[in-house]
Amino acid sequence: GQIDKGGYKHFMSKEIAEQPRVLTEVIGYYLSDDATRINLPENGFDFKTIDRLTMVACGTAFYACLTAKYWFEQIAGMPVEVDIASEFRYREPPITERTAALFVSQSGETADTLAALRYCEGKADSILSVVNVPTSSIARESNLALPIMAGPEIGVASTKAFTCQLTVLYLMALKAAHDKGRLSDTELADRLSELRSLPSAVNAALALDKSLAHAGLKLSEAQDVLFLGRGLMYPLALEGALKLKEISYIHAEAYASGELKHGPIALIDKSMPVVVKAPRDALFEKTVSNMQEVMARDGKVILITDAAGAAEAGDEAWITIVMPTAPAALTPILYAIPAQLLAYHTAVAKGTDVDQPRNLAKSVTVE
Ligand code: G6P
């Protein structure tokens with residue numbers, strides 16, 4: 001058929017492997033020919049008339065939104081609210097006129113997200129969406145629908161759609177920052193050239209497959225796994241825990257590293273692996289000290305870091321995965337790869353149905 005596994009064992013592994021190509025495509029789609037500007041279809045939408053962004057989604061798309069909050073706040077200086085669609089719509093939040101409401105959905109058909117969009121109609125300045133299916137209900141009911149160009153995603157657990165969503169959201173944050181005068185032309189061009197080298201870094205991260213298969217085999221024996229991250233790595237810790245529970249059925253939860261001492265540290269013992277995502281960035285020292293608190297209680301740490309981070313703290317961990325180095329803002333897209341591969345290999349080791357996990361649907365069109 002038109003959509004087959006192309007020699008891969010699962011759709012999920014095929015879709016993970018496709019990421020360098022689909023990321024190259026989505027980046028190419030939104031960049032000007034000289035790759036110094038971002039082309040977003042305007043449709044009457046203008047970031048200069050927007051003071052606030054409200055982002056709404058479910059599942060993996062929600063974690064893409066949580067990541068984007070950091071980008072919009074730090075790069076564009078825009079206040080951002082992020083909400084789960086099912087909570088947002090029943091809380092009846094007030095929407096001010098200078099708010100853009102942004103809905104992220106792979107399928108574009110998730111019932112709660114669509115209902116949240118309809119709630120914002122007539123209240124928000126504009127309804128924006130980031131979707132994989134341009135003909136979907138969410139796309140059709142938006143003032144501006146931005147495609148993520150990931151191609152069909154068959155595996156129930158989202159992989160390439162997540163990294164493509166992140167890429168489009170990052171481009172939107174850069175565009176907002178540039179339009180609002182917070183990024184100069186040169187700064188924008190520099191950021192875009194960094195982004196263009198992302199697919200090759202993703203390719204290098206995919207080459208860590210063997211080490212992640214080894215780590216997955218170890219994780220497959222666990223009953224519970226804790227994921228920790230700070231800053232941009234916090235939403236990614238949430239996504240890593242979601243991926244693991246979706247396909248391996250291992251109980252996993254994620255915490256912001258700084259919250260460790262406010263509860264989850266009570267769970268730590270030798271039977272609870274802790275996955276720590278920490279590139280060597282401004283927050284690294286703090287994360288390392290959280291990691292040491294885990295190890296002091298016999299917790300086994302899987303540290304996912306870069307060469308500089310591994311040199312500083314790699315010896316202390318149970319397993320260290322050394323990632324390619326990337327500009328800080330791009331680490332969420334890059335560190336999604338080991339999150340996906342770790343969940344994938346854990347599930348394969350457990351023998352679960354990776355592409356069709358029990359009780360889950362690819363698109364949830366009922367409430
Ligand atoms: C389901 C899928 C998830 C997905 C979520 C939101 O729960 O299993 O992988 O993240 O729906 O779907 P959407 O199509 O709105 O992104």
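Computed from a prediction, not measured in an experiment: that's the story for all the values here.

Calculation notes
- Residues numbered from 1 in each chain as written.
- Predicted model: local features only at pLDDT ≥ 70, side-chain atom pairs only at ≥ 80, totals over all residues.
- Helix = DSSP H or I, 4+ residues; strand = E, 2+ residues; numbered from the N terminus.
- Rg over C-alpha atoms; globule rule 2.2 N^0.38 Å.
- Buried ≥ 20, exposed ≤ 12 C-beta atoms within 10 Å, placed from the backbone.
- Contact = placed C-beta atoms within 7 Å.
- Near = placed C-beta within 6 Å.
- Nonpolar A, V, L, I, M, F, W, Y, C, P; charged D, E, K, R; others polar.
- Pairing = 2+ DSSP bridges.
- Axes fitted to C-alpha atoms, helices over the stretch in contact; angles between N-to-C directions.
- Expected span 1.5 Å × (residues − 1).
- Core = buried A, V, L, I, M, F, W, Y, C linked by C-beta atoms within 7 Å.
- Arc of directions from axis to C-beta.
- Parallel < 35°, antiparallel > 145°, perpendicular 65-115°, else oblique.
- Left-handed = near helix turned anticlockwise from the far one by under 90°.

A.B. asks: Is there a simple way to think about the overall build of the chain in this case?
C.D. replies: A count of helices and strands for the chain gives 14 helices and 10 strands. Relative to the 2.2 N^0.38 estimate, which gives 21 Å for 367 residues, the radius of gyration of the chain is 20 Å and therefore close to what a compact globule would have. The burial tally for the chain puts 51% of its 367 residues in the buried class. Sequence-distant contacts in the chain: of pairs separated by 6 or more residues, those separated by 24 or more amount to 74%.

A.B. asks: What is the right way to look at the site of the ligand in this model?
C.D. replies: Around the ligand, the surrounding shell holds 16 residues, and the nearest of these are Gly-59, Ser-105, Gln-106, Ser-107 and Thr-110. The element that contributes the greatest number of residues to the shell around the ligand is helix H3 (residues 59-76), accounting for 3 residues. Each residue belonging to the shell around the ligand can be placed in one class, and the counts come to 6 nonpolar, 9 polar and 1 charged.

A.B. asks: How should I be thinking about the sheet that holds strand E6 (residues 224-229) in this particular structure?
C.D. replies: Consider a sheet: its strands pair through backbone hydrogen bonds, and that pairing is either parallel or antiparallel. Taken together, 5 strands build an open sheet; the order of strands is E7-E6-E8-E9-E10 and the sheet is parallel. Bordering the open sheet on either side are strand E7 (251-256) and strand E10 (319-323), each of which pairs with just one other strand. With direction set aside, neighbouring strand axes in the sheet form an average angle of 20°. Contacts from helix H11 (residues 233-248) reach E6, E7 and strand E8 (273-277) within the one sheet, and its direction differs from that of E7 by about 175°.

A.B. asks: Is there a simple way to explain the pairing of E8 in this structure?
C.D. replies: The side chains of a regular strand alternate between both faces of the sheet. The element E8 is extensively covered by neighbouring structure, given that 5 of its 5 residues are classed as buried. Side-chain alternation along E8 places Pro-273, Val-275 and Lys-277 on one buried face and Val-274 and Val-276 on a second face that is also buried. Two strands pair when backbone bridges link them, and E6 and E8 are joined in this way by 3 bridges, in the parallel orientation. Across the sheet, the residue bridging to Phe-227 is Val-275, located in E8. As defined by bridge partners, E8 adjoins strand E9 (residues 300-306) across 5 bridges and the pair is classed as parallel.

A.B. asks: Got a minute to help me understand H11 in this structure?
C.D. replies: Residues lying three or four places apart along an α-helix face the same way, a consequence of the helix completing one turn every 3.6 residues. The end-to-end C-alpha distance of H11, which contains 16 residues, comes to 22 Å, matching closely the 22 Å that a straight helix rising 1.5 Å per residue would cover. With 15 of its 16 residues buried, H11 lies for the most part within the structure.

A.B. asks: I tried to follow the sheet that holds strand E4 (residues 126-131) on my own but got confused; where do I start?
C.D. replies: Pairing in this open sheet of 5 strands is parallel, and the strands run E2-E1-E3-E4-E5 from one edge to the other. The sheet is open, and its two borders are formed by strand E2 (80-84) and strand E5 (144-147), each paired with just one other strand. Across the sheet, the mean angle from the axis of one strand to that of its neighbour is 20°, orientation sign disregarded. Here strand E1 (residues 52-57) runs beside strand E3 (residues 99-105); their pairing, made up of 5 bridges, is parallel. Looking at E3, one finds that Leu-53 is bridged to Ala-100.

A.B. asks: Would you explain the nonpolar core in this entry?
C.D. replies: One recurring pattern in soluble globular proteins: nonpolar side chains tend to sit buried together. Grouped together as the largest cluster of nonpolar side chains are 124 residues, with contacts concentrated most on Ala-57, Ala-64, Leu-169, Ala-173 and Leu-334. The element contributing the most residues to this core is helix H7 (residues 160-179), with 13 residues. Contact partners of Ala-173, with chain neighbours within four places excluded, come to Ala-68, Trp-71, Phe-72, Ile-75 and Ala-76.

A.B. asks: What should I look at first to understand helix H9 (residues 198-206) in this one?
C.D. replies: Those residues of H9 lying buried are Leu-198, Pro-199, Ala-201, Val-202 and Ala-205. Relative to the axis of H9, the buried residues are bounded by an arc of 160° and lie together on one face. Taken together, the buried residues of H9 touch helix H2 (19-30), helix H8 (185-196), E10 and helix H14 (331-350).

A.B. asks: Is there a simple way to think about the packing of H2 against H9 in this case?
C.D. replies: When two helices pack together, their arrangement is given by the angle between their axes and by how far apart the axes lie. Here H2 crosses H9 at 170°, and the two axes come no closer than 9 Å. Comparing the axis directions of H2 and H9 gives the class roughly antiparallel. Between H2 and H9, the residues in contact are Gln-19, Pro-20, Leu-23 and Thr-24 and Leu-198, Pro-199, Val-202 and Asn-203, respectively. Along the lines of polarity and charge, the residues of the contact of H2 with H9 split into 5 nonpolar, 3 polar and no charged.

A.B. asks: Explain the packing of H11 against H14 to me, please; I cannot follow it from the model alone.
C.D. replies: Between H11 and H14, the least distance of the axes is 9 Å, while the angle of their chain directions is 20°. Taken together, the axis directions place H11 and H14 in an arrangement best described as roughly parallel. Read as a crossing pair, H11 and H14 show a hand that is right-handed. Contacts from Met-233, Pro-235, Leu-236, Glu-239, Gly-240, Lys-243, Leu-244, Ile-247 and Ser-248 of H11 reach H14 at Pro-332, Tyr-335, Ala-336, Ala-339, Gln-340, Leu-342, Ala-343, Thr-346, Ala-347 and Lys-350. Class assignment of the residues belonging to the contact of H11 with H14 gives a composition of 12 nonpolar, 4 polar and 3 charged.

A.B. asks: Before we go on, may I ask you to explain the environment of Thr-110 in this structure?
C.D. replies: Secondary-structure assignment places Thr-110 in the loop between E3 and helix H5 (111-120). Overall, the presence of 27 C-beta atoms within 10 Å leaves Thr-110 in the buried class. Separated by 255 residues in sequence, Thr-110 and Thr-365 place their C-alpha atoms 5.0 Å apart. Thr-110 has contacts with Cys-58, Ala-85, Ser-105, Ser-363 and Val-364, leaving out every residue within four places of it along the chain.

A.B. asks: Would you mind going over the environment of Gly-229 with me for this structure?
C.D. replies: Topologically, Gly-229 is positioned in strand E6. Residue class for Gly-229 comes out buried when judged on the 29 C-beta atoms lying within 10 Å of it. Remark: the alpha-carbon pair of Gly-229 and Phe-284, spanning 55 residues in sequence, is separated by 9.8 Å. When near neighbours in sequence (up to four residues on either side) are disregarded, Gly-229 contacts Tyr-234, Leu-236, Ala-237, Ser-257 and Lys-277.

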